[in-house]
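# Structural overview
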Amino acid sequence: MSLPHAILTALLEKPSSGLELTRRFDRSIGYFWSATHQQIYRELGRLETGGLIRALPAEQPARGQKKAYEVLPAGRAELARWTAASQDPKPQRDALLLRLRAAAVVGTAGIEADLRRHLDLHLKQLAEYEEIERRHFPPGRDSPEDRLRHLVLRAGIDLETFWTRWLTQALEEFAEVPGG
């Protein structure tokens, strides 16, 4: 149920068209809540039908013009309700961890190369997050809204830092495993 809430959040930050929303998901929200362009457009329709958002009136009617959306009071209320609600953490599910466990039973062929590939991917994501932090959160930028947005980014940085450390350790351990 979080995709509609991610869209409501994005629209409250800035009324946008579907295309603008998909671009913003690709650049920011999508780092921690991904959605395809098709899912975003489908959800916009549901939110509009449900009375949570509305298409802004076009300045000049034009065929094929993209609709911009804004959040209605009912949408703001729904987002506030959802934000205040309690939610349990989700159990960890990671195919790489399961594959590593399975390698203990069936052999390690191919695992080391994939561990290295995962390490490279996490290093790249960490570098991207750190660049976003440098660009968007310079010292002194500490409004309450910025602090919360930075907190979300810090979670991404900390998770990528964890994975890069863990994968480095796993590769070191793997090198000592007979047949590894």
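This structure is a prediction, so every number in the text was calculated from the model and none was measured.

## Topic: the overall build of the protein chain
When helices and strands are tallied, the protein chain shows 7 helices and 3 strands. In sequence order, the secondary structure elements of the protein chain are arranged as α-β-α-α-β-β-α-α-α-α. Relative to the compact-globule value of 16 Å for 180 residues, the protein chain shows a C-alpha radius of gyration of 21 Å, a clear excess of over 25%. Judged by the C-alpha coordinates and their principal axes, the protein chain covers about 70 × 40 × 35 Å. By the burial criterion, 31% of the 180 residues in the protein chain qualify as buried.

## Examining a nonpolar patch on the surface
A cluster of nonpolar side chains, contributed by Phe 32, Trp 33 and Val 152, occupies part of the molecular surface with about 300 Å² of accessible area. The topology assignment puts Val 152 in helix H7 (residues 144–176). Judged by its relative accessible area of 39%, Val 152 is partly exposed.

## Notes on the nonpolar core
Formed by 18 residues in total, the largest nonpolar core has its most connected members in Ile 7, Leu 11, Phe 25, Leu 44 and Ile 53. Among the secondary structure elements, those contributing two or more residues to this core are helix H1 (2–13), helix H2 (18–27), helix H3 (37–49) and strand E3 (68–71). With 6 residues, H1 is the single largest residue contributor to this core. Core analysis: the second largest hydrophobic core is formed by 9 residues, Leu 115, Leu 119, Leu 167 and Phe 174 among them.

## Comments concerning the pairing of E3
Side chains Tyr 69 and Val 71 project from E3 onto a buried face, and the interleaved Ala 68 and Glu 70 project onto a face without burial. Where strand E1 (residues 16–17) meets E3, 2 bridges bridge the pair, whose relative direction is antiparallel. Bridge pairing links Ser 17 to Ala 68 in E3. As paired elements, strand E2 (residues 53–55) and E3 share 3 bridges and run antiparallel to each other. Across the sheet, Ile 53 pairs through a bridge with Val 71, a residue of E3.

## Considerations on the pattern of salt bridges
Under the criterion given, the structure shown has 15 salt bridges. We note a salt bridge from Glu 133 to Arg 154, for which the minimum N-O separation is 3.3 Å. On the criterion of sequence distance, the pair formed by Glu 133 in helix H6 (residues 111–136) and Arg 154 in helix H7 is long-range, its members being 21 residues apart. Note that Asp 158 and Arg 154 form a salt bridge whose closest N and O atoms lie 3.0 Å from each other. With Asp 158 and Arg 154 both in helix H7 and 4 residues apart, the pair spans about one turn of that helix.

## Side note on the side chain of His 118
Structurally, His 118 is set in helix H6. Classification of His 118 as buried rests on a relative accessible area of 18%. Those residues in contact with His 118, other than ones at most four positions away along the chain, are Leu 96 and Leu 167.

Conventions and cut-offs
- Each chain has its residues counted from 1, following the order in which its sequence is written.
- For a predicted model such as this one, the threshold for reporting local features is a pLDDT of at least 70, and the threshold for listing and counting side-chain atom pairs is 80 or more; totals across whole chains, interfaces and linings nevertheless cover every residue.
- Side-chain numbers come from the whole structure's heavy atoms, not from hydrogens or water.
- Helix numbering and strand numbering both begin at the N terminus, where a helix is a DSSP run of H or I of at least 4 residues and a strand a DSSP run of E of at least 2.
- Just to be clear, the radius of gyration here is over C-alpha atoms, and the globule rule we use is 2.2 Å times residues to the power 0.38.
- Per-residue accessibility, obtained with a 1.4 Å probe over protein chains only, is compared with the maximum for each type, and a residue is labelled buried under 20%, exposed over 50%, and partly exposed between these values.
- Nonpolar side chains (Val, Leu, Ile, Met, Phe, Trp, Tyr) are joined into patches within 5 Å and like charges within 9 Å, using only residues with over 30% relative accessible area and no salt bridge.
- Note on areas: these come from Shrake-Rupley sampling with a 1.4 Å probe, and a residue is covered only by the protein chains present in the view.
- Salt bridges, as used here, are contacts in which a Lys or Arg side-chain nitrogen is within 4 Å of a carboxyl oxygen on Asp or Glu.
- Nonpolar core, defined: a set of buried Ala, Val, Leu, Ile, Met, Phe, Trp, Tyr and Cys residues in which side-chain atoms within 4.5 Å join the residues together.
- When DSSP finds at least two bridges between two strands, those strands are taken to pair.
- We call two residues contacting when some pair of their heavy atoms lies within 4.5 Å.

Purely spatial values, then, with no claim about function.
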